[in-house]
Amino acid sequence: MQRNSKQRIGIVGSGYMANGLAMLITLQDDMEVTKVLTRRNIDDCTNFKYRQLLTHSVQELLEHSDVLIECSGDVLHGTEVIDLAMNVGIPVVTMNAELQVTTGSYFSQKGYITEAEGDQPGCLAALKENISQMGFKPLVYGNIKGYLHTNPSVEEMLYWSEKQGISLPMQVSFTDGTKLQIEQALVANGLGATIVQSEMLGLKTECVMDGGNTLAKEAKQVGLPISDYILSPSTPSGVFITGVHQDEQQPYLKYLKMGDGPYYTLHTNYHLCHFEVLKTLRRVIRGGSVLINNSSKPQISVAAVPKKNIKRGTLISRAIGSFECRGIAVKMSEFPNHVPIGLMNQMRVKQNLSPGQIITFDDVELQPSLALDIWKEIKVSAAYTA
């Protein structure tokens, strides 16, 4: 597979994160970016630093790649590219939790696929590896969010997307909680956890430790580790795990300022997106195990719910990051006919929808896609193993 001293890295996507990642990889001694797949007009990609690497050809991308990074943010397109990559044995790293929770379970059985460290699921998986080696047993896999607005206005989102320098759909999905719900669904499936309720609990707290302790009590009642989040405007963005340890270690942990127990919270107060992807790339290159993927037997999905009344006949071009819908984490066993929000591209509404209802396959007409076919397989498998 390796043709020279550097591993050849192919990138799927040419947006904001892909550009930053390409610039970062170029500085490394052990890897290089060889091709970047884009669907945009290459002449229009003036903000992409290495335009000479851009291609419209998936075949050209695969022929020049030892490892593939999928960061297009597009579930349907990414699914098609990953399928082709796995057909020729190329390992895949994703910066695309949306894809992982929609079609990732299928690919976890077909080849090597892992979500990257950098976004919250990868950071939680890395933190779990770290604390498990110290003997902690996780009860809560937590995401820290400072602000949510489940139905933001167009004007508000236009202002913040321009201020942050990111796309409008990305800004909307961050603000309305869809991205958060997707990330924590992946965490639940990938780390063997569950959720307490649809949309999770989302505790408001000023202190990570207090929030972790409360959620840990919920996990004890459930009898499984849980994936959830806290709303804490005063806490830096990041992730935390709350768990337990052996009773005889409590005096030592108290001495180390970890509190009286029985619950202990370990907090990473940052996640650095594409900067941390390099760690996952090297993990793959060195033959390391999967950091986190959606598992072969997912139990949690992300359903779409309307933000407002949606009339029959409405065409929704892309539900994630839209002003029509948002995503919420659900147990697949409780809502077997829900439509994963990641599938909802160019979707026609077949009957009037009300705010907050779980959208089902009876409510909408989806365009044919490989991702839809894969979901049908996953759905059957999940029903069989439930």
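Parameters at a glance
- Residue numbers restart at each chain and count upward from 1, following the sequence in its written direction.
- The predicted origin of the model limits local features to residues at a pLDDT of at least 70 and limits the giving and counting of side-chain atom pairs to 80 or more, whereas totals for whole chains, interfaces and linings rest on all residues.
- Based on all heavy atoms of the structure, the side-chain values leave hydrogens and waters out of the count.
- Salt bridges, as used here, are contacts in which a Lys or Arg side-chain nitrogen is within 4 Å of a carboxyl oxygen on Asp or Glu.
- Numbering of helices and strands runs from the N terminus, with a helix taken as a DSSP run of H or I at least four residues long and a strand as a DSSP run of E at least two residues long.
- Per-residue accessibility, obtained with a 1.4 Å probe over protein chains only, is compared with the maximum for each type, and a residue is labelled buried under 20%, exposed over 50%, and partly exposed between these values.
- Pairing between strands is defined by DSSP: at least two bridges between them are needed.
- Between the N-to-C directions of two axes lies an angle of 0 to 180 degrees, each axis being a line fitted to C-alpha atoms and, for a helix, fitted only over the stretch in contact.
- In this scheme, roughly parallel covers angles under 35 degrees and roughly antiparallel covers those over 145, while 65 to 115 is roughly perpendicular and the rest are oblique.
- Between two residues, a contact is recorded if the distance between any of their heavy atoms is within 4.5 Å.
- For this classification, the nonpolar set comprises Ala, Val, Leu, Ile, Met, Phe, Trp, Tyr, Cys and Pro, the charged set comprises Asp, Glu, Lys and Arg, and every other residue, Gly included, is treated as polar.
- Positive charges come from Lys and Arg alone, negative charges from Asp and Glu alone, with His and the N- and C-terminal ends not counted.
- Counting of polar contacts relies on pairs of N or O atoms within 3.5 Å, with two restrictions inside protein: one atom must be capable of donating a hydrogen and the other of accepting it, and residues adjacent in sequence are counted only when both atoms are side-chain atoms.
- Nonpolar cores were defined as sets of buried Ala, Val, Leu, Ile, Met, Phe, Trp, Tyr and Cys residues, with membership established by side-chain atoms within 4.5 Å.
- To estimate the expected span of a helix, subtract one from its residue number and multiply by 1.5 Å.
- Grouping into patches uses exposed residues only, defined as over 30% relative accessible area, and leaves out salt-bridged ones; the cut-off is 9 Å for like charges and 5 Å for nonpolar side chains (Val, Leu, Ile, Met, Phe, Trp, Tyr).
- Each accessible area is a Shrake-Rupley estimate made with a 1.4 Å probe; only the visible protein chains count as cover when residues are assessed.
- Whether two aromatic rings pair depends on their centres lying within 6.5 Å, for rings of Phe, Tyr and Trp, where Trp uses its six-membered ring; planes under 30 degrees apart make the pair stacked, over 60 edge-to-face, and the rest tilted.
- The criterion for a charge sitting over a ring is simple: Lys NZ or Arg CZ within 6 Å of the ring centre, and within 35 degrees of the ring normal.
- Whether a crossover is right-handed depends on one test, that the path from the first strand over the helix to the second runs clockwise when the strands point away from the viewer.

## Regarding the pattern of salt bridges
For the structure on display, the rule yields 13 salt bridges. One salt bridge in this structure joins D66 and R8, with 3.0 Å as the shortest N-O distance. Placement of D66 in the loop between α2 (58-63) and β4 (67-70) and of R8 in strand β1 (residues 7-12) is noted, with a sequence separation of 58 residues between them. Taking the relative accessible area as the measure of exposure, R8 reaches 9% and is therefore buried. With a shortest N-O distance of 2.5 Å, R283 and E129 are connected by a salt bridge. Separated by 154 residues along the polypeptide, R283 in helix α11 (residues 274-285) and E129 in helix α5 (residues 120-132) bring together distant segments of the chain. When salt bridges that share partners are traced, they join E117, E276 and K279 into one network.

## Things to note about the sheet that holds strand β5 (residues 92-94)
Judged by pairing direction, the sheet is parallel, and its six strands sit side by side in the order β3-β2-β1-β4-β5-β6 without closing on themselves. Of all the strands in the sheet, the pair left with one neighbour each is β3 (54-55) and β6 (113-115). Where β1 and β4 come together, four bridges link them in parallel fashion. In the sheet register, I9 faces β4, and the bridge partner there is V67.

## A closer look at the packing of helix α6 (residues 154-164) against helix α7 (residues 168-175)
One can describe the packing of α6 onto α7 by two numbers: an axis separation of 9 Å at closest approach and a directional angle of 110°. As judged from the angle between their axes, α6 and α7 are roughly perpendicular. For the pair α6 and α7, contact is made by M157, L158, W160, S161 and Q164 and by L168, Q171, V172 and T175, respectively. In the contact of α6 with α7, the residues fall into five nonpolar, four polar and no charged.

## Topic: the side chain of E183
If you trace the backbone, E183 turns up in helix α8 (residues 178-190). Buried and unpaired, E183 has no salt bridge, with K179 as the nearest side chain of opposite charge at 4.6 Å. Side chain to side chain, E183 and N143 meet in a polar contact 3.1 Å long. If near-sequence neighbours (up to four positions away) are discounted, E183 is found in contact with A97, D119, Q120, P121 and N143.

## As for the environment of H77
Along the polypeptide, H77 turns up in helix α3 (residues 75-87). For H77, a relative accessible area of 12% puts it in the buried group. Once the C-alpha coordinates of H77 and A371 are considered, the two residues, 294 residues apart in sequence, prove to be 8.7 Å apart.

## Remarks on the nonpolar core
The biggest cluster of nonpolar side chains holds 72 residues, and the ones touching the most others in it are L68, I341, M344, I359 and L366. Aside from chain neighbours lying at most four places away, what touches I341 is T178, I182, V302, A303, A304, A319, I320, R326 and G327. Judged by nonpolar contacts, the second largest core, of 25 residues, contains A22, V93, M95 and L281.

## A word on helix α4 (residues 97-108)
Here α4 is twelve residues long, yet its end C-alpha atoms lie only 14 Å apart, well below the 16 Å a rise of 1.5 Å per residue gives. Most of α4 sits inside the fold, with ten of its twelve residues counted as buried. Restricting attention to buried positions, one finds in α4 the residues A97, E98, L99, Q100, V101, T102, T103, G104, S105 and F107.

## Section: a nonpolar patch on the surface
Side chains of Y270, L272 and F275 sit close together on the surface and give an oily, nonpolar patch of about 310 Å² of accessible area. Relative to the helices and strands, Y270 is located in the loop between β11 (264-268) and α11.

## Details of the packing of aromatic side chains
Applying the stated criterion across every chain, the model contains three aromatic pairs. Taking the centre distance of 6.3 Å and the plane angle of 65° together, the rings of F136 and Y264 count as edge-to-face. Separated by 128 residues along the polypeptide, F136 in the loop between α5 and β7 (137-145) and Y264 in strand β11 bring together distant segments of the chain. F136 sits in the buried class, given a relative accessible area of 7%. The exposure class assigned to Y264 is buried, which follows from its relative accessible area of 1%. In this structure, K257 packs its charged tip against the face of Y255, placed 6.0 Å from the ring centre.

## Re the side chain of H245
Considering the arrangement of structural elements, one finds H245 in the loop between β10 (238-244) and α10 (250-255). Separated by 2.8 Å, the side chain of H245 and the backbone oxygen of M134 make a polar contact. Not counting the four nearest positions on each side in its chain, H245 is found in contact with M134, G135, F136, L253, P262 and Y264.

## Things to note about the sheet that holds strand β9 (residues 226-231)
Sheet strands line up and pair through hydrogen bonds in the backbone, either parallel or antiparallel. Spatially, β8-β9-β7-β10-β11 is the arrangement adopted by the five strands of the open sheet, whose pairing is mixed. Lying at the two open borders of the sheet, with one neighbouring strand each, are β8 (203-204) and β11. Seen against the sheet, α5 touches β7, β10 and β11 and runs at an angle of roughly 35° to β10.

## Section: the environment of I316
Looking at the element boundaries, I316 is found in strand β13 (residues 315-318). Separated by 28 residues in sequence, I316 and M344 have C-alpha atoms that sit 7.6 Å apart. Beyond its immediate sequence surroundings of up to four residues, I316 is in contact with I310, E324, C325, M344, N345, Q346, M347 and V349.

## Side note on the pairing of strand β2 (residues 31-37)
Most of β2 sits inside the fold, with six of its seven residues counted as buried. The pairing of β1 with β2 spans six bridges and is parallel. Bridging from a neighbouring strand, Q7 pairs with M31 of β2. For the crossover that starts at β1, traverses helix α1 (residues 16-25) and ends in the parallel β2, the hand is right-handed. As judged from the two bridges shared by β2 and β3, these two strands associate in the parallel manner. Following the sheet pairing, L37 is matched in β3 by T55.

These figures capture arrangement, not role.
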